Amino acid sequence: MNILIQQYRLKKIERLKLILFLSILAVALLILLKVDNMLLSFLLAFVLKYTLAPLINYAERRNIDRSHATLLVFVLFFSIIGALIYWALPYISVQLKAFHAELPRYIEGTRSLIFDIESRVEEVINTSVEFNLSAQAESLMVSWTKSLFEDLPNFLSKSLTTILLAPFFAYFLLKDSHSISKKLLDLVPNSFFELALSLQYQINEQMGQFIRARLLEAFIVGMLVWVGLSIIGFPFSHLLALFAALTNLIPYIGPIIGAIPALIIAMINGAGLLPVIGIYAFAQLIDMLFIIPLVVAKIVNLHPITVVVSIIIGAQLLGIVGMLVSIPAASMIKVTAQNVYHHLINFRA
């Protein structure tokens, strides 16, 4: 009888632990989605965490206290970032001012290019069709550029919270990662402990490798574009390379989006289009032949259809941020589903 009572109490405790664990996850998810800037702050914090974790782990293996190792790596990392910003900011600032001055000409040039395309389409189909794309494109470009330049100070002030919170969260995620993991795992019922431990390890490893690989990929693509455009003396090479690096983080469509501004500028300026196409094509060729097969593809094994569907869902739910996180989120879901399935099969057996 005492044994039955004890088993009943253990099962009750297990159920309570599971409810508590799921409640904490639900509350955390609700906070991330509902509180302004919280989701983006945590996403940036996790990017910093997975980027710097190997250095801190290496220092810890060298018998350096984790708190000291985290502080040292943070100081070195942000010193390097600060030096890079100090070096690049004057060039980017000059190019932004020049681009702002040339903007009306580029807007008008884009409108003319689209109008010419409309005229040629009408000639081919031998009928008059009111596409009106040129006027719509001009209206959109005016709206976007107004938001970019006039709303930039307001955007930066709103982003200050995110910029400050992300390193703050990342620091404590790195410094206290072991204790945080231990406390969360303590809440997991014994019957799910091995599953949770395996999931934590696999997701941590996969996300860390994926984020570091994607950042390396974006950096290499951006550098190749910058070097190529600088060699041919193309205007706004710094801005275009930065844009190409950032958009390259979006799978499939990112490289196309990243190349469009340079192609439009080349056509409006009457510059050689082939060299610009060659530069972007070469950067993507290096990416597809070497970086993706050797670095990225082995980390996240997802079918192309899954990738495309994930990007569409991410874009619908969270816009650009959703497109960026769609692949790691899909990978996490896949890993979780596989582990839960195997756990249930083994449990039944």
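Just so it is clear, the structure is predicted and the values come from calculations on it, not from any experiment. (Residues numbered from 1 in each chain as written. Predicted model: local features only at pLDDT ≥ 70, side-chain atom pairs only at ≥ 80, totals over all residues. Heavy atoms only, no water.)

1. Quick word on the overall build of the chain
Point 1. Summing up its helical and strand segments, the chain has eleven helices and zero strands in all.
Point 2. Going from the N terminus to the C terminus, the chain shows its helices and strands as α-α-α-α-α-α-α-α-α-α-α.
Point 3. The buried share of the chain, reckoned over its 349 residues, is 30%.
Point 4. Of all intrachain contacts in the chain linking residues separated by at least 6 positions in sequence, the fraction that spans at least 24 positions is 71%. (Helix = DSSP H or I, 4+ residues; strand = E, 2+ residues; numbered from the N terminus. Buried < 20%, exposed > 50% of the residue type's maximum accessible area, 1.4 Å probe, protein only. Contact = heavy atoms within 4.5 Å.)

2. Points about the confidence of the model for the chain
Point 1. A residue-level look at the chain finds 80% of positions with pLDDT of 70 or above and a mean pLDDT of 78.
Point 2. By mean pLDDT, helix H4 (residues 133–150) is the weakest element of the chain at 55, and helix H8 (residues 237–247) is the strongest at 90. (pLDDT = per-residue confidence, 0-100.)

3. A look at the packing of helix H2 (residues 38–61) against helix H7 (residues 190–231)
What describes two packed helices is the angle between their axes and the distance between those same axes.
Point 1. For the pair H2 and H7, the least separation of the axes is 9 Å and the interaxial angle reads 95°. The angle between the axes of H2 and H7 places the two elements in the roughly perpendicular class. In this structure, H2 uses Phe-46, Val-47, Lys-49, Tyr-50, Thr-51 and Pro-54 to contact H7, whose residues at the interface are Asn-204, Met-207, Gly-208, Ile-211, Arg-212 and Leu-215.
Point 2. Broken down by class, the residue content of the contact of H2 with H7 amounts to seven nonpolar, three polar and two charged. (Axes fitted to C-alpha atoms, helices over the stretch in contact; angles between N-to-C directions. Parallel < 35°, antiparallel > 145°, perpendicular 65-115°, else oblique. Nonpolar A, V, L, I, M, F, W, Y, C, P; charged D, E, K, R; others polar.)

4. As for the packing of aromatic side chains
Point 1. In total, this model carries twelve aromatic pairs according to the counting rule given.
Point 2. Each ring, one from Phe-99 and one from Phe-236, has its centre 5.4 Å from the other, and the planes form 85°; the classification is edge-to-face. With Phe-99 in helix H3 (residues 66–125) and Phe-236 in the loop between H7 and H8, the pair connects residues that are 137 residues apart, well separated along the chain.
Point 3. Feature note: the residues Phe-42, Phe-46, Tyr-50, Phe-74, Phe-77, Phe-78, Phe-168, Phe-169, Tyr-171 and Phe-172 constitute an aromatic cluster, connected by ring pairs. (Phe/Tyr/Trp six-rings, centres within 6.5 Å; stacked < 30°, edge-to-face > 60°.)

5. Considerations on a nonpolar patch on the surface
Point 1. A cluster of nonpolar residues, Phe-78, Ile-80, Ile-81, Leu-84, Ile-85, Trp-87, Leu-89 and Tyr-91, forms a patch on the protein surface that exposes about 760 Å² of accessible area.
Point 2. Along the polypeptide, Ile-80 turns up in helix H3. (Patch = residues over 30% accessible without salt bridge, like charges linked within 9 Å, V, L, I, M, F, W, Y side chains within 5 Å. Areas by Shrake-Rupley, 256 points an atom, 1.4 Å probe, with all protein chains shown as cover. Salt bridge = Lys/Arg side-chain N within 4 Å of Asp/Glu carboxyl O.)

6. Details of the packing of H7 against H8
Point 1. Across the interface, H7 lies against H8 with an axial gap of 8 Å and an inter-helix angle of 155°. By the angle between their directions, the pair H7 and H8 is classed as roughly antiparallel. Crossing geometry of H7 relative to H8 is assigned as right-handed. Where H7 approaches H8, its residues Ala-218, Val-221, Gly-222, Val-225, Trp-226, Leu-229 and Ser-230 are matched on the opposing element by Ser-237, His-238, Leu-240, Ala-241, Ala-244 and Ala-245.
Point 2. Among the residues making up the contact of H7 with H8, the classes are represented as nine nonpolar, four polar and no charged. (Left-handed = near helix turned anticlockwise from the far one by under 90°.)

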